[in-house]
Each structure stands twice: as C-alpha cells, then as structure tokens.
Amino acid sequence: MEERQTAPALRWLAIGNSLTRHGITSFWWNDIGMAATTAERDYVHLVTAYLHTRCGGVTVDTFNFADWERGAAGVLPDRTAALPQLDAYLCRQPRLITVQLSENAVDLTTFTSDTEALLRYLRDKAPDAVLLLIDDFWSPEKGEMKKTAAERCGVPFVSLARIKGDPTCLCGMGATVLDADGCPHTVEHPGVAAHPGDKGMRCIADGIIAALETLPLTR
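A brief look at the structure comes next. Worth saying up front: this structure is predicted, and the values here are computed from it rather than measured.

## So, the side chain of Asp-179
No. 1: Mapping Asp-179 onto the fold places it in the loop between β6 (176-178) and β7 (184-186).
No. 2: In terms of polar contacts, Asp-179 uses its side chain to reach the backbone amide nitrogen of Asp-181, at 2.9 Å.
No. 3: Discounting residues that sit within four places of it in the chain, Asp-179 has contacts with Trp-29, Asn-30 and His-185.

Encoded structure:
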C-alpha cells in the first residue's frame, strides 16, 4: 500500500520585542504579544491562522530580540554583537521571517546601518526565506529609518503609517486582558497601556497578510 505523503509545515520565525512576545511579569499575565486581550488576538496568532489556511500547516518560533534594540547600556550600541543569538532559530531553516524591532531603540546613531546588517545577516543565514520588515508602531522617525534599510536591502516593508498615533489602536489604561487560564486582569501599567490592543494587533496582522499575499511561501 502506498503511503500518503504530507507536505511539511511552513516554519515561521517571528523576531520582535514585547509586541511580538513578552513573558509573564507582575504587570503582564500571558506569554504573548503585549497587550492583546487573549493569545488568539495578538498579531502572531492572527497571522498564524492565515498561514494555516493558506499553507495547510505552520510551525512558529517567536523570539524576543530586544537585546538587539538596546545594545550595551551606557555606550554606543553594538547591535551586531547580538546577531548570533538568532542562529539557534535560523538553523531550523525558516521559510518565513518577520522582523518587528525598533520600539526599544534609544540611540539611533547607527540604527539604519544596524538594521541593514540585521537584514543581510538573516538573508545570509536563511537565503530561501521570505523576509519582511515591520514598521515601528510609535515613531515616524524610526519607521523612516527602517523603510530606508528595507529599500537598500530589497526587503518588503510593512507600513503602519495609517495607525501610528491612533489612540483607538492602543490597549489603554483600565483595559481588561485575560491570562493563559482565561482569568481577567486590569491593565494598570502605562507601558502595557501604550502597546497595541486588539485593534492595533489586527492592523499589524492585516499589514503582514497583505504583504504575504504577493509573495511565494512554498518552495
């Protein structure tokens, strides 16, 4: 009897900061993108649902790479020194890589060139992967720097210009979010409140999905 062959799951590496994934703390109660009300409503899970429909299966690695954004405290950030942290994920040969990084970057002296170096590192380590760079959620300045880096590297750029500065896309103080067990919690931390709520997460996901609609995801 001939065995039925099944297509391997698409592997997606979602590189980001707290918008992509933030661990549980005293002021945040789920290991997901801050500050979605539930796991299913953060942008990673929304895009995952799309990929399941389009590709028939997906394996997702989410990596909080805020170390790259911040660099070394008190000195010019050496962001390139952090790049080998990605190797454990890149050796798994992801077919899709998204980069959502910049919101925690303070020193912007070399930010454009550092972003270019990051994109080229990913291209070198995963040459067959579809690569997307996502706009900064808050800062127009950092968004333009990222767009420049994307253009120089030939990487599609997911703009968030239409929602940047829109208060309805923020979580907001006093919002109710659920932990992994479905228990409600009230947002009282201003940092969490400033993160994208469900509407913001949906808009980020929609931007990624729109970009992916024009790109091949199968070999």
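So, next bit.
## Considerations on unusual backbone geometry
No. 1: For the peptide bond that leads from Met-34 to Ala-35, omega is 10 degrees, which places it in the cis range.
No. 2: Of note, Ala-35 is situated in the loop between β1 (10-16) and α1 (43-55).
No. 3: The backbone phi angle of Gln-93 is positive, close to 55 degrees, even though this residue is not glycine.
No. 4: One can find Gln-93 in the loop between α3 (87-90) and β3 (96-100).
No. 5: In this structure, Ser-102 is a non-glycine residue whose phi angle is positive, near 155 degrees.
No. 6: Tracing the chain through its elements places Ser-102 in the loop between β3 and α4 (111-125).
No. 7: A relative accessible area of 0% means that Ser-102 is categorised as buried.

## Regarding the sheet that holds β1
No. 1: Strand order in this open sheet of 5 strands is β2-β1-β3-β4-β5, and the pairing throughout is parallel. Pairing within the sheet leaves two strands with one partner each, and these edge strands are β2 (58-64) and β5 (157-158).
No. 2: Pairing of β1 with β2, which is carried by 7 bridges, proceeds in the parallel orientation. Residue Leu-13 lies in a different strand from β2, and its bridge partner there is Asp-61.
No. 3: The strands that α1 touches are β1, β2, β3 and β4 (130-134); relative to β1, the one it contacts most, it runs at about 160 degrees.

## Notes on the pattern of salt bridges
No. 1: For the coordinates displayed, the defined rule picks out 10 salt bridges.
No. 2: Across the pair Lys-199 and Asp-166 runs a salt bridge, and its minimum N-O distance is 3.8 Å. With Lys-199 in helix α7 (residues 198-212) and Asp-166 in the loop between β5 and β6, this pair connects stretches of sequence that are 33 residues apart.
No. 3: Given the relative accessible area of 22%, Asp-166 is considered partly exposed.
No. 4: The residue Arg-202 makes a salt bridge to Asp-206 at a minimum N-O spacing of 3.0 Å.

## Description of the nonpolar core
No. 1: Grouped together as the largest cluster of nonpolar side chains are 43 residues, with contacts concentrated most on Leu-51, Ile-208 and Leu-212.
No. 2: Listed by contribution, the elements that provide at least two residues to this core are β1, α1, β4, α6 (190-193) and α7.
No. 3: Residue contributions to this core peak at 8 residues, all from α7.
No. 4: Core analysis: the second largest hydrophobic core is formed by 28 residues, Ile-15, Leu-101, Leu-118 and Leu-122 among them.

## Details of the state of the cysteines
No. 1: Going through the model one piece at a time under the given rule, you end up with 0 disulfides.
No. 2: Counting only cysteine sulfurs, Cys-203 is the nearest neighbor of Cys-169, a cysteine outside any disulfide, at a range of 4.5 Å.
No. 3: Residue Cys-169 is classed as buried on the basis of its relative accessible area, which comes to 0%.

Conventions and cut-offs
- Residues numbered from 1 in each chain as written.
- Predicted model: local features only at pLDDT ≥ 70, side-chain atom pairs only at ≥ 80, totals over all residues.
- Heavy atoms only, no water.
- Helix = DSSP H or I, 4+ residues; strand = E, 2+ residues; numbered from the N terminus.
- Polar contact = N/O pair within 3.5 Å; in protein donor to acceptor, adjacent residues only side chain to side chain.
- Contact = heavy atoms within 4.5 Å.
- Buried < 20%, exposed > 50% of the residue type's maximum accessible area, 1.4 Å probe, protein only.
- Pairing = 2+ DSSP bridges.
- Axes fitted to C-alpha atoms, helices over the stretch in contact; angles between N-to-C directions.
- Salt bridge = Lys/Arg side-chain N within 4 Å of Asp/Glu carboxyl O.
- Core = buried A, V, L, I, M, F, W, Y, C linked by side-chain atoms within 4.5 Å.
- Disulfide = S-S within 2.5 Å.

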